[in-house]
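# A look at the structure
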Amino acid sequence: MLPEHPVMLAQTIQLALAPVFVLVAIGNIMNILTTRLGRMVDRSRHLQTLHAGTQGSEHDGVVVEMRIIDQRIAHIGRALLCLVISGLAIGTTVAALFLSELINTDLRVVTALTFVAAIALLMAALVLLLLETRLAARALRLPPELLELERGDL
């Protein structure tokens, strides 16, 4: 069934634009996360080759960095999962908007719930990205002895 008035279909398309923009944002964030994940995988492979050939404090440093990268990869994986499910919820939101109009049924509750779920999952993914970047920043801190902070001439 088609809506009785073309204006109603146009309004539905307009309503569907906001969730579609959220879907674009989700895609962009996923691109950022997969780029970060690729870099972590490359670094972890390098560390794995160093692992067998190191001893003492150098070996301990490699192990510590590998543990941090493992945590970062887990955060990124969870964030990507949240974003994929969020994208599916956005798709369901858009479909519910059109189905509501096409079959002349009230699907406002479904539309609202799927949109709220999508935004909640997007927020969860952003929190996981924040946690991952905090781990990365903490791991990249330079040792104070290398900064020579006691030198006043610089």
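## Details of the overall build of the protein chain
When you go through the protein chain residue by residue, the secondary structure sums to 4 helices and 0 strands. Relative to a compact globule of 154 residues, whose C-alpha radius of gyration would be 15 Å, the protein chain shows 24 Å and is clearly more extended. If you line up the protein chain on its principal axes, its C-alpha atoms span 75 × 40 × 20 Å. Residues counted as buried form 27% of the 154 residues belonging to the protein chain. Pairs at least 24 apart in sequence give 78% of the contacts found in the protein chain among residues at least 6 apart.

## Considerations on a nonpolar patch on the surface
Residues Leu142, Leu147 and Leu149 make up a contiguous nonpolar surface patch of about 330 Å² in total accessible area. As for its position among the elements, Leu142 is in the loop between helix 3 (108-139) and helix 4 (144-147).

## A closer look at the confidence of the model for the protein chain
For the protein chain, the mean per-residue pLDDT works out to 90, and 95% of the residues sit at or above 70. In the model of the protein chain, helix 4 stands out as the element of lowest mean pLDDT, 80, in contrast to helix 3, which has the highest, 95.

## Things to note about the pattern of salt bridges
Tallied over the full model, the rule gives 5 salt bridges. We note a salt bridge from Glu132 to Arg36, for which the minimum N-O separation is 2.7 Å. Taken together, the positions of Glu132 in helix 3 and Arg36 in helix 1 (residues 6-51) put the pair 96 residues apart, joining distant regions of the chain. Its relative accessible area of 25% is what places Arg36 among the partly exposed residues. Two residues, Arg151 and Glu148, come together in a salt bridge whose shortest N-O distance is 2.8 Å. By relative accessible area, Arg151 is classed as partly exposed at 36%. It is possible to trace a salt-bridge network through shared partners that takes in Arg36, Arg72 and Glu132.

## Brief notes about the layout of surface pockets
Rolled over the atoms, a probe as big as a water molecule pinpoints where empty space is left. Size it by volume and the largest pocket reaches roughly 180 Å³. Surrounding the largest pocket, Arg39, Met40, Arg43, Glu65, Ile68, Ile69, Arg72, Ala136, Ala139 and Leu140 form its lining. Elements with a contribution of two residues or more to the lining of the largest pocket: helix 1, helix 2 (56-102) and helix 3. Among the elements that make up the lining of the largest pocket, the one with the highest residue count is helix 2 (4 residues). A per-class count over the lining of the largest pocket returns 6 nonpolar, no polar and 4 charged.

## Things to note about the nonpolar core
Counting residues in each nonpolar core, the largest one holds 20 residues, and the members touching the most others are Ile26, Leu33, Leu83 and Leu122. Of all elements in the fold, only helix 1, helix 2 and helix 3 reach the threshold of two or more residues within this core. No other element matches helix 2, which puts 9 residues into this core.

## Some details on the environment of Asp70
Note that Asp70 resides in helix 2. Residue classification places Asp70 among the exposed positions, given a relative accessible area of 53%.

## A short note on unusual backbone geometry
Here the phi dihedral of Asn104 falls at roughly 55°; this positive angle occurs in a residue that is not glycine. Of note, Asn104 is situated in the loop between helix 2 and helix 3. The backbone of Glu148 shows a phi angle near 50°, a positive value even though the residue is not glycine. Tracing the backbone shows Glu148 in the segment after helix 4.

## Comments concerning helix 2
The end-to-end C-alpha distance of helix 2 is 69 Å, a good match for the 69 Å that 47 residues give at a rise of 1.5 Å each. Count one or two residues on from helix 2 and you reach Asn104, which has phi positive near 55°.

Reading guide: rules and limits
- Residues numbered from 1 in each chain as written.
- Predicted model: local features only at pLDDT ≥ 70, side-chain atom pairs only at ≥ 80, totals over all residues.
- Heavy atoms only, no water.
- Helix = DSSP H or I, 4+ residues; strand = E, 2+ residues; numbered from the N terminus.
- Rg over C-alpha atoms; globule rule 2.2 N^0.38 Å.
- Buried < 20%, exposed > 50% of the residue type's maximum accessible area, 1.4 Å probe, protein only.
- Contact = heavy atoms within 4.5 Å.
- Patch = residues over 30% accessible without salt bridge, like charges linked within 9 Å, V, L, I, M, F, W, Y side chains within 5 Å.
- Areas by Shrake-Rupley, 256 points an atom, 1.4 Å probe, with all protein chains shown as cover.
- Salt bridge = Lys/Arg side-chain N within 4 Å of Asp/Glu carboxyl O.
- pLDDT = per-residue confidence, 0-100.
- 1 Å grid on protein atoms, 1.4 Å probe; cavity = no way out; pocket = protein on both sides within 12 Å on 5 of 7 lines; lining within 4 Å.
- Points joined across faces, edges and corners; volume = space filled by probe spheres on them.
- Nonpolar A, V, L, I, M, F, W, Y, C, P; charged D, E, K, R; others polar.
- Core = buried A, V, L, I, M, F, W, Y, C linked by side-chain atoms within 4.5 Å.
- Expected span 1.5 Å × (residues − 1).

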